[in-house]
Amino acid sequence: MYSFISALQPVPISETQLQVLLLNNRVQAGFPSPAEDLGGQRIDLTQVLITHPQATYFLRASGHSMVEAGIFDKDILVVDRAIKARHNHIVVAIVDGDFTVKQYYQRAGRIKLKAANPTFADIVPKEGQTLEVWGVVTSSIKQFPV
């Protein structure tokens, strides 16, 4: 059964475990290598992807402003609200009431949200504009058509 993750609403993380089989082998992304023993171990994806379960949410990315950071339309973002945003973190922010995902830029007292696609403008807060960093993106989950 599939669950719907809206691009508009955060989905809280359950504290239950999600275990899958991790094979001991690595997969070559270049030249093929001979097949080896496919032994494996079980891993808990919540332990791998989530540090602060009570403060972590899923959001679905929408749009193309972060493609050069590896975030594509419809990717599922793992967002941790317990992490304090620092320079160059990928963050989810609320700008004038709307969610956006961008790279956090903070230097010499200046803050801006940088797009990772040259066809999109950076967001530089103007006088009277509200900008709240909502959480830090810790992972991006991609789903491929099958």
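One can find the structure itself at the top, above this paragraph.
Attention in this report is confined to the structure presented alongside it. (Residues numbered from 1 in each chain as written. Predicted model: local features only at pLDDT ≥ 70, side-chain atom pairs only at ≥ 80, totals over all residues. Heavy atoms only, no water.)

Our focus in this paragraph is the overall build of the protein. Within the protein one finds one helix and nine strands. Looking at the 146 residues of the protein, the share that counts as buried comes to 28%. Here the analysis covers contacts within the protein between residues at least 6 apart in sequence; of these, 58% occur between residues at least 24 apart. Counting every atom, the protein has about 10,300 Å² of accessible surface; 55% of that belongs to carbon and sulfur. (Helix = DSSP H or I, 4+ residues; strand = E, 2+ residues; numbered from the N terminus. Buried < 20%, exposed > 50% of the residue type's maximum accessible area, 1.4 Å probe, protein only. Contact = heavy atoms within 4.5 Å. Areas by Shrake-Rupley, 256 points an atom, 1.4 Å probe, with all protein chains shown as cover.)

This paragraph deals with the pattern of salt bridges. Enumeration according to the criterion identifies one salt bridge in this entry. Asp-75 serves as the salt-bridge partner of Lys-142, at 2.6 Å between the closest nitrogen and oxygen. Placement of the pair is Lys-142 in the segment after strand S9 (131–141) and Asp-75 in the loop between strand S4 (56–60) and strand S5 (76–80), with a sequence separation of 67 residues. Lys-142 sits in the partly exposed class, given a relative accessible area of 34%. Judged by its relative accessible area of 5%, Asp-75 is buried. (Salt bridge = Lys/Arg side-chain N within 4 Å of Asp/Glu carboxyl O.)

Our focus in this paragraph is the packing of aromatic side chains. In total, this model carries two aromatic pairs according to the counting rule given. A ring pair is formed by Phe-99 and Trp-134, whose centres lie 5.5 Å apart and whose planes are at 90 degrees; its orientation type is edge-to-face. Taken together, the residues Phe-99 in strand S7 (residues 98–107) and Trp-134 in strand S9 connect sequence positions 35 residues apart. For Phe-99, a relative accessible area of 35% translates into the label partly exposed. Among the aromatic residues, those joined into a cluster by ring pairs are Tyr-57, Phe-99 and Trp-134. Residue placement shows Lys-112 over the ring face of Tyr-105; its charged tip is 4.9 Å from the ring centre. (Phe/Tyr/Trp six-rings, centres within 6.5 Å; stacked < 30°, edge-to-face > 60°. Lys NZ or Arg CZ within 6 Å of the ring centre and 35° of its normal.)

Turning next to the environment of Val-133. Summarising the element assignment, Val-133 is placed in strand S9. Under the relative-accessibility criterion, Val-133 is labelled partly exposed at 29%. It is 8.9 Å that separates the C-alpha atoms of Val-133 and Arg-81, two residues lying 52 residues apart in sequence. In contact with Val-133, not counting residues within four places along its chain, are Ala-85, Val-91, Val-92, Ala-93 and Tyr-104.

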